[in-house]
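Listed below are the residues making up each chain.
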Amino acid sequence: MKFHSKDISLAKKLDADDPLKSFRDEFVITEEKTIYLNGNSLGRLPLKTQSNLNQVVNKQWGERLVRNWNEGWYDLPGKVGAKIAKIIGAQEDEVIIADSTSINLYKLVLAALQYQSERKTIVSDEFNFPSDLYVIQGIIKQLQKDHNLVIVKSNDGITIDSENINMAINSETALLTLSHACFKSAFLYDMERITKLAHDSDALMLWDLSHSVGVVDIDLNKSDVDMAIGCTYKYLNGGPGAPAFIYVRKDLQDKLNPSISGWFGDSSPFEFNLEYNASEGIKKFLTGTPPIVSLSAVDSSIDLILDAGIDSIRIKSIKLTEYLVFLINNILLPLEFKIGSPLDENFRGSHISIRHPEAFKIVKAMTDEKNNMVVIPDFREPDNIRLGLSPLYTTFEELWLTVNRIEEIVLTKEYQKYQEIKSVVT
Ligand SMILES: *Cc1c(COP(=O)(O)O)cnc(C)c1O
């Protein structure tokens, strides 16, 4: 994609021509001076979800009380799972909402290792989300069966060469598990190709879609993916700590053990039998009582994604990232910045990482609420500023303003006022 001007008028024109522009009005936006580029960490609150939660809390919980379990709550994990299935290329009975991403990973890794009991190796990469690697390390310790984790390295610090993955997989590999879009660099794997590499060695493939769901057009069925998990509070705008989703391909569902045999995964939880009897299908991957309030938030938030259409969202996401890269190339590269994300849009999710030796202090200056303009990105060690672009509410003008603000912070050395003191959540 070519852009010919770094003038703000181009940004305004791109916004005016944007077919998804009306979606921004569907979100709660209270501070006009604030540019929010962190939807890849916590998405904004949709108006529809604000009113839905009001209804869920006051009517369903407040008035209907326990009766509401039979008036919609009990079926909600499957209903919302079916909606998510539509944007990840799965069948509606292959996806369900349960627990957190970390717990779902635990359940599926354990299930995969049991299923592949002759094989002892799990392959992942150094760009995977640390929680994913921690969960795998913990399982290996608990099982005490000499499993080992192989971590594939990057050659350039930004991408992972599929040949490196290929070389790590062999007849000992039980499972290959990767983040589809990597949280630091936004590197996006070719899902179909990598899944095939796993299958060529009869290994199972598990994708973590947390950083790609809702912004990338995913087709799990076409790519023949075995298992997947993902967050709902990032680009799906489900709210802080909203429950995660879990996908298991239809023909694998009765072959895999649910790992945590809680009563919601039992075939008849309300008979209160003393012996566990796993439910048929995807339902057996439920654990305990679902968090209805936050699950309801996911239910209404996902509708915006369905209304906009994942293909249109991906098209805008690419345009946003391309435009941002264009501005960074022209304005920030002369100021000691480096781009820490892939330049090829086919291998990139919806955020752009830029790197600078003073990144931490620059972020402090960007987010300082005493300033006239506040820009909220996030900082990732050691020197990454992540700019997350959410196609339903991020505008081209916001990107123009952001890059020009960063230029100002660096040119005027404004960042030197700030100290290197980190808060708990960065
Ligand atoms: C955000 C994220 C998680 C978070 O997992 P939680 O259990 O919800 O805290 C896991 N994996 C990836 C790839 C993520 O981006």
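Above this text sits the structure in question.
It should be emphasised that the depicted structure is a prediction, and the values quoted were computed from it without experimental measurement.

## Points about the overall build of the protein chain
Thought 1: Counting its regular elements, the protein chain contains twelve helices and 13 strands.
Thought 2: Computed over the C-alpha atoms, the radius of gyration of the protein chain is 22 Å, within 12% of the 22 Å expected from 2.2 N^0.38 for a compact globule of 426 residues.
Thought 3: On the principal axes, the C-alpha backbone points of the protein chain span a range of 70 × 60 × 40 Å.
Thought 4: The 426 residues of the protein chain split such that 57% are buried.
Thought 5: A sequence separation of at least 24 residues applies to 73% of the contacts in the protein chain between residues at least 6 apart.
Thought 6: Only carbon and sulfur atoms are counted for the fraction: they give 51% of the accessible area of the protein chain, which is about 18600 Å².
Thought 7: If the 46 positive side-chain charges of the protein chain are averaged to one point and the 59 negative ones to another, these points end up 4 Å apart.

## What to know about the packing of helix α11 (residues 359–367) against helix α12 (residues 396–411)
Thought 1: At a closest axis distance of 10 Å, the pairing of α11 and α12 adopts a crossing angle of 120°. In this view, α11 runs oblique relative to α12, as classed from their interaxial angle. In the crossing of α11 with α12, the sense of the turn from one axis to the other is right-handed. The residues of α12 that touch α11, namely those facing Ile362, Ala365 and Met366, are Thr402, Arg405, Ile406, Ile409 and Val410.
Thought 2: Partitioned by chemical class, the residues of the contact of α11 with α12 number six nonpolar, one polar and one charged.

## As for unusual backbone geometry
Note: most residues except glycine have negative phi, and most peptide bonds are trans.
Thought 1: Omega for the peptide link from Glu381 to Pro382 comes to -5°, which places this bond in the cis form.
Thought 2: In this structure, Pro382 sits in the loop between β12 (378–380) and β13 (384–388).
Thought 3: Unlike most non-glycine residues, Leu65 shows phi in positive territory, near 50°.
Thought 4: You can see Leu65 is positioned in the loop between α2 (47–64) and α3 (76–87).
Thought 5: Residue class for Leu65 comes out partly exposed when judged on its relative accessible area of 47%.
Thought 6: Even without being a glycine, Gln144 presents a positive backbone phi close to 50°.
Thought 7: With respect to the helices and strands, Gln144 occurs in the loop between α5 (130–143) and β4 (148–152).

## Concerning α12
Thought 1: With 16 residues, α12 should reach 22 Å at 1.5 Å per residue; the first-to-last C-alpha distance of 23 Å fits that figure.
Thought 2: Among all positions in α12, only Phe396, Glu398, Leu399, Trp400, Thr402, Val403, Arg405, Ile406, Ile409 and Val410 are buried.
Thought 3: Lys413 sits one or two residues past α12 and shows a positive phi near 55°.

## Quick notes on the pattern of salt bridges
Thought 1: Within this structure, the stated rule accounts for 25 salt bridges.
Thought 2: Linking Glu71 and Arg64 is a salt bridge whose minimum nitrogen-to-oxygen distance equals 2.7 Å.
Thought 3: Put simply, Lys196 and Asp200 hold a salt bridge, and the shortest N to O gap is 3.3 Å. A residue pair is termed a helical-turn pair when its members lie 3 or 4 positions apart in one helix, as Lys196 and Asp200 do in helix α7 (residues 191–200) at four residues. Comparing Lys196 with Asp200, the two get one shared label, exposed.
Thought 4: Put simply, Lys48, Lys79, Lys83, Asp299 and Asp303 are held in one network by salt bridges that share partners.

## Comments concerning the site of the ligand
Thought 1: Near the ligand you find Ser100, Thr101, Ser102, Phe129, Asp132, Ser179, Asp208, Ser210, His211, Cys231, Tyr233 and Lys234, and these make up its full shell.
Thought 2: At 2.7 Å, a side-chain N or O of Asp208 approaches a nitrogen atom of the ligand.
Thought 3: Here His211 contributes a side-chain N or O atom positioned 2.8 Å from an oxygen atom of the ligand.
Thought 4: In terms of residue class, the shell around the ligand is built from three nonpolar, six polar and three charged.

## Topic: the side chain of Thr49
Thought 1: Along the chain, Thr49 turns up in helix α2.
Thought 2: Residue Thr49 is classed as buried on the basis of its relative accessible area of 2%.
Thought 3: Excluding its chain neighbours within four sequence positions, the residues that come into contact with Thr49 are Ala297, Ser300 and Ser301.

## Topic: a nonpolar patch on the surface
Thought 1: There is a patch of nonpolar side chains on the surface, built from Trp61, Leu65, Val66 and Val293 and spanning about 420 Å² of accessible area.
Thought 2: With respect to the helices and strands, the residue Val66 is situated in the loop between α2 and α3.
Thought 3: You can call Val66 exposed: its relative accessible area is 63%.

## Side note on α5
Thought 1: The end-to-end C-alpha distance of α5, which contains 14 residues, comes to 20 Å, matching closely the 20 Å that a straight helix rising 1.5 Å per residue would cover.
Thought 2: Looking at α5, one finds that the buried residues are Ser131, Asp132, Leu133, Val135, Ile136, Ile139 and Ile140.
Thought 3: Contact partners of the buried residues in α5: α4 (101–115), β3 (121–125), β4, β5 (173–179) and β6 (204–208).
Thought 4: Once α5 finishes, Gln144 follows within two positions and takes phi at roughly 50°, a positive value.

## Some words on the sheet that holds strand β10 (residues 351–355)
Thought 1: Spatial strand order, β9-β10-β13-β12: four strands in an open sheet with antiparallel pairing. Of all strands in the sheet, those with a lone pairing partner are β9 (338–339) and β12, marking the two edges.
Thought 2: The pairing of β10 with β13 spans five bridges and is classified as antiparallel. Across the sheet, the residue bridging to Ile354 is Ile385, located in β13.
Thought 3: Contacts between helix α10 (residues 310–332) and the sheet are confined to β9, β10 and β13, with β10 contributing the most and set at about 15° to the helix.

The rules we used
- Residues numbered from 1 in each chain as written.
- Predicted model: local features only at pLDDT ≥ 70, side-chain atom pairs only at ≥ 80, totals over all residues.
- Heavy atoms only, no water.
- Helix = DSSP H or I, 4+ residues; strand = E, 2+ residues; numbered from the N terminus.
- Rg over C-alpha atoms; globule rule 2.2 N^0.38 Å.
- Buried < 20%, exposed > 50% of the residue type's maximum accessible area, 1.4 Å probe, protein only.
- Contact = heavy atoms within 4.5 Å.
- Areas by Shrake-Rupley, 256 points an atom, 1.4 Å probe, with all protein chains shown as cover.
- Lys, Arg positive; Asp, Glu negative; His and termini not counted.
- Charge placed at Lys NZ, Arg CZ, Asp CG, Glu CD.
- Axes fitted to C-alpha atoms, helices over the stretch in contact; angles between N-to-C directions.
- Parallel < 35°, antiparallel > 145°, perpendicular 65-115°, else oblique.
- Left-handed = near helix turned anticlockwise from the far one by under 90°.
- Nonpolar A, V, L, I, M, F, W, Y, C, P; charged D, E, K, R; others polar.
- Expected span 1.5 Å × (residues − 1).
- Salt bridge = Lys/Arg side-chain N within 4 Å of Asp/Glu carboxyl O.
- Near = heavy atom within 4 Å.
- Polar contact = N/O pair within 3.5 Å; in protein donor to acceptor, adjacent residues only side chain to side chain.
- Patch = residues over 30% accessible without salt bridge, like charges linked within 9 Å, V, L, I, M, F, W, Y side chains within 5 Å.
- Pairing = 2+ DSSP bridges.

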